[in-house]
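# Structural features, examined
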Amino acid sequence: MRAALATGVDTPLSLIDREIPEPGPGEVLVKITACGLCFTDFNLLRGHFPFARFPIIPGHEITGTVAALGDGVAGLSVGDAVGAQFLYDSCRHCDYCVSGDQILCPAKRITGITADGGYAEYGLFKGGYVTPLPAGLDPVAAAPLMCAGITAFNGLRRAGATASSRVAIIGAGGIGALAVQYAVAMGARVAVIGRSASGEGAARELGAEMYVASRDTDPAAALRAWGGGADVILNAAPSNEAASAVLTGLAPDGTMVLCGYDNTPLTLSAQPMVLNRLHVMASPSGSPHDLRDTLAFSAQHRILPKVTPISLDQAPAALEAMGGGSGGGRRVITFA
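Scoring rules and cut-offs
Within each chain, residues carry numbers counting from 1 in the order of the written sequence. Local features in a predicted model are, by the rule used here, given only for residues with pLDDT of at least 70; side-chain atom pairs are given and counted only at 80 or more, and totals for whole chains, interfaces and linings are based on all residues. The side-chain values count all of the structure's non-hydrogen atoms but skip hydrogen atoms and water molecules. Salt bridges are defined as contacts in which a side-chain nitrogen from Lys or Arg sits within 4 Å of a carboxyl oxygen from Asp or Glu. What counts as a helix is a DSSP run of H or I of at least four residues, what counts as a strand is a run of E of at least two, and both are numbered from the N terminus. Think of it in three bands: residues with accessible area under 20% of the maximum for their type are buried, residues over 50% are exposed, and the middle band is partly exposed, with areas taken using a 1.4 Å probe on protein chains only. Here, any two strands with at least 2 DSSP bridges between them count as paired. Here, axes are lines fitted to C-alpha atoms. For helices the fit covers the stretch in contact, and angles between N-to-C directions go from 0 to 180 degrees. Each angle is binned into one of four classes, with values under 35 degrees roughly parallel, values over 145 roughly antiparallel, values of 65 to 115 roughly perpendicular, and all other values oblique. Residue contacts are counted whenever heavy atoms from the two residues lie within 4.5 Å of one another. Three classes are used, and their members are as follows: Ala, Val, Leu, Ile, Met, Phe, Trp, Tyr, Cys and Pro are nonpolar, Asp, Glu, Lys and Arg are charged, and the others, Gly among them, are polar. By this rule, a helix spans an expected 1.5 Å times one less than how many residues it contains. In these notes, a set of buried Ala, Val, Leu, Ile, Met, Phe, Trp, Tyr and Cys residues joined through side-chain atoms within 4.5 Å is what counts as a nonpolar core.

## Overview of the pattern of salt bridges
In this structure the tally under the stated criterion is 13 salt bridges. Arg158 is the partner of Asp101 in a salt bridge, and the nearest nitrogen-oxygen pair spans 3.4 Å. Of the two residues, Asp101 sits in the loop between helix H2 (95–98) and strand E7 (109–110) while Arg158 sits in helix H4 (residues 148–158), which places them 57 residues apart along the sequence. Taking the relative accessible area as the measure of exposure, Arg158 reaches 43% and is therefore partly exposed. The salt bridge partner of Arg189 is Glu209, with a shortest N-O separation of 2.9 Å. Residue Arg189 is located in strand E11 (residues 189–194), and its partner Glu209 is located in the loop between helix H6 (200–206) and strand E12 (210–213); the two are separated by 20 residues in the primary sequence. Looking at Glu209, the relative accessible area reads 36%, which means it is partly exposed. Salt bridges linked by common partners bring Arg18, Arg53 and Asp116 together as one network.

Next comes the structure, spelled out in structure tokens:
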């Protein structure tokens, strides 16, 4: 099989040939249909994950079909359409695992960072961490749902978004664009905060009723004028500063959920938090049951990202282009 291999920090991906692996007990061999390019993959090459394993095949936004099953795998058959996510596996016996919060397992492994991922024609994954795709869900467009989708959907519901909520999304890129669509489908009123006015048309097309260009308007003040503030703010931007600037745009008892972040300290003003009982939380990707819920909701409401298919040969250049902000939209590697 052909694959793209990350051999170390600040080193371009290498295109290689490798033997197709055979599944052992509890393993699933997936013939990969598509794998999305995520900013996490770019950060892997920048050295943001000191626990990363090199060499590694990156990629954790994976769709494909089951090619073979190892002994002991239940609930799947050869030929099934499936997805594989950020969470590769976990210990299965700690309190988090047995309660269905495997994403919090201290011993978890991460697809494309500590276990080989989806920049390859085949991938070997663990039974129980491979999720069936709902019928009719396009596997190429659905690939980013395995990370951006579950992160947005899970972040909103863990922050308490409901049909009566006012929800503000900071940044309407990969995670943010899906968060807008999910919040609208949940029945919430939605505002989008972007850097410039150029993003307003796209945000309103996704269903946002209000758009705030933070370069021109104080976003926190704009949210306070929007019926008293947002009940939920989801930060989808890779910027802690952007989140801090909008904190006081929360309504009393409101929640900010961090899905995007950077490596700088998060600075928050304590007084408005105390006086208004504000909540700040972070939300990682999600556990297997969260991905099932995300895919079911996406299929029911026909929520899919707009993607640009690319070949494996184009992946190294496309990944490097992310650093300069010229990635060209949501790119997805496709395999014939």
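## Comments concerning the pairing of strand E17 (residues 330–334)
Of the pairings in the sheet, the one linking strand E3 (residues 27–36) to E17 comprises three bridges and is antiparallel in character. Directly across from Ala34, in E17, lies its bridge partner Thr334. For strand E16 (residues 307–310) and E17, the ladder comprises four bridges, and the chain directions are parallel. Along E17, the bridge assignment pairs Pro309 with Val332.

## Some points on the packing of H4 against helix H10 (residues 288–301)
Two elements in contact, H4 and H10, have axes separated by 9 Å at closest approach and are oriented at 100°. One finds that H4 runs roughly perpendicular with respect to H10. Two secondary-structure elements touch here, H4 through Gly149, Ile150, Phe153, Asn154, Arg157 and Arg158 and H10 through His289, Asp290, Leu291, Asp293, Thr294 and Phe297. Of the residues belonging to the contact of H4 with H10, the class tally is four nonpolar, four polar and four charged.

## Remarks on helix H5 (residues 174–185)
Since the α-helix packs 3.6 residues into each turn, any two residues three or four apart lie on the same face. Here H5 contains 12 residues, and its C-alpha end-to-end distance of 17 Å stays within 8% of the 16 Å for a straight helix at 1.5 Å per residue. Most of H5 is tucked away, with nine of its 12 residues classed as buried. Close packing links the buried residues of H5 with H4, strand E10 (166–170), E11, H6, strand E13 (230–235) and H10. Positioned one or two residues after H5, Gly187 has a phi angle of 100°, which is positive.

## Concerning unusual backbone geometry
Geometrically, the link from Phe54 to Pro55 is a cis peptide bond, its omega value of -5° lying close to zero. Examined against the element boundaries, Pro55 turns out to sit in the loop between helix H1 (39–46) and strand E4 (62–69). Backbone geometry at Arg92 places phi at a positive 75°, although glycine is not the residue there. When you line up the elements, Arg92 lands in the loop between strand E6 (87–89) and H2.

## Focus: the nonpolar core
Formed by 47 residues in total, the largest nonpolar core has its most connected members in Leu37, Tyr119, Leu319 and Ile333. Breaking this core down by element, the ones donating at least two residues are strand E1 (2–5), E3, H1, E4, strand E5 (81–84), E6, strand E8 (122–126) and helix H11 (315–322). Counting residues per element, this core draws most heavily on E3, which supplies five residues. Core analysis: the next-biggest nonpolar cluster, separate from the first, contains 37 residues, Phe153, Leu156, Leu234 and Ala236 among them.

## Details of the sheet that holds E11
The sheet built from six strands is open, its strands ordered E12-E11-E10-E13-E14-E15 with parallel pairing. The sheet terminates laterally at E12 and strand E15 (279–282), the two strands that pair on one side only. Each strand axis lies, on average, 20° off the axis of its neighbour in the sheet, ignoring direction. By the bridge criterion, four bridges tie strand E14 (residues 250–258) to E15 in an arrangement that is parallel. Note on E15: the bridge partner recorded for Thr255 is His279. Of the strands in this sheet, E10, E13, E14 and E15 touch H4, which is tilted by about 150° from E13.

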